[in-house]
Amino acid sequence: MKIILASNSPRRKQLLGGLDIDFEVKVLKGIDETYPDDLPVEQVPVFISKTKAEAYRTVIAEDQLVITADTVVVLGDRVLGKPADKKEAVDMLRQLSGQTHRVITGVCLTTVKEQRTLAVTSEVTFKNLSNEEIDYYVEHYRPFDKAGAYGIQEWIGYVGVTALKGSYFNVMGLPVQRIYQELVDMCGMQMFTRGDRARLS
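Described below are features of the structure shown in this document.

The rules behind each value
Residues numbered from 1 in each chain as written. Predicted model: local features only at pLDDT ≥ 70, side-chain atom pairs only at ≥ 80, totals over all residues. Heavy atoms only, no water. Helix = DSSP H or I, 4+ residues; strand = E, 2+ residues; numbered from the N terminus. Rg over C-alpha atoms; globule rule 2.2 N^0.38 Å. Buried < 20%, exposed > 50% of the residue type's maximum accessible area, 1.4 Å probe, protein only. Contact = heavy atoms within 4.5 Å. Areas by Shrake-Rupley, 256 points an atom, 1.4 Å probe, with all protein chains shown as cover. Lys, Arg positive; Asp, Glu negative; His and termini not counted. Charge placed at Lys NZ, Arg CZ, Asp CG, Glu CD. Polar contact = N/O pair within 3.5 Å; in protein donor to acceptor, adjacent residues only side chain to side chain. Core = buried A, V, L, I, M, F, W, Y, C linked by side-chain atoms within 4.5 Å.

1. With respect to the overall build of the protein
Within the protein, the secondary structure is distributed over eight helices and seven strands. Over its C-alpha trace the protein gives a radius of gyration of 18 Å, about what one expects of a compact globule, namely 17 Å for 201 residues. The dimensions of the protein, computed from C-alpha atoms along their principal axes, are 50 × 45 × 25 Å. In the protein, which comprises 201 residues, the proportion classed as buried is 46%. Taking the intrachain contacts of the protein between residues at least 6 apart in sequence as the baseline, contacts between residues at least 24 apart amount to 67%. By element, 48% of the accessible surface of the protein is carried by carbon and sulfur atoms, the whole surface being about 10300 Å². Between the averaged position of the 25 positive side-chain charges in the protein and that of its 27 negative side-chain charges there is a distance of 3 Å.

This is the structure:
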């Protein structure tokens, strides 16, 4: 199968690339990523990843497999999405300060004949962040493309995260271990060719 990653996220490209598989990035524009207000927060990322996948069903070939994903930060019963601006980013980080929250990534693997979904949850705990630390991070790293207004692999993760339960890569945006297992089940080990070619060259 030819693997397609339906995401422009550099972090997801990096993480999927770490599996040593060949893939291409293909992103369709204009996909509606809204979800029903009464949808339980645990189901939001899978719902959105399936919505993204449906947009590809009419354009993929029989030998293609599309990976769509969505990551949300959940604090209590509230979903923290991507901040619209600096003010909202600062506000989100103040909410996360000194708290444990969940990071849930929903993934959909779609072919012409089959579709599988999965969700992976990790728990992240932040120390009490000072206003100066929050302002420094937002000003220098501008995390406006990140759910919850932070990237665990960046400065704020180095200085602020005191505990992590679950997959670190899931918090970055893609639970690659689970994806690996699903891809092996769906396609077999023969798709893992890039690493073999690198070792042989």
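2. With respect to the environment of R57
Positionally, R57 belongs in the loop between α2 (44–56) and β3 (64–75). On the basis of relative accessibility, which here comes to 32%, the residue R57 falls in the partly exposed class. Residues R57 and Q177 lie 120 residues apart in sequence; the distance between their C-alpha atoms is 25 Å. Residues in contact with R57, not counting those within four places in the same chain, are T110, T111, V112 and Q115. Of note is the side chain of R57, whose polar atom sits 3.1 Å from the side chain of E54.

3. Comments concerning the nonpolar core
Counting residues in each nonpolar core, the largest one holds 41 residues, and the members touching the most others are L65, I67, L93, L96, L109, Y150 and L183. With seven residues, the next largest nonpolar core counts V44, V72, V74 and I104 among its residues.

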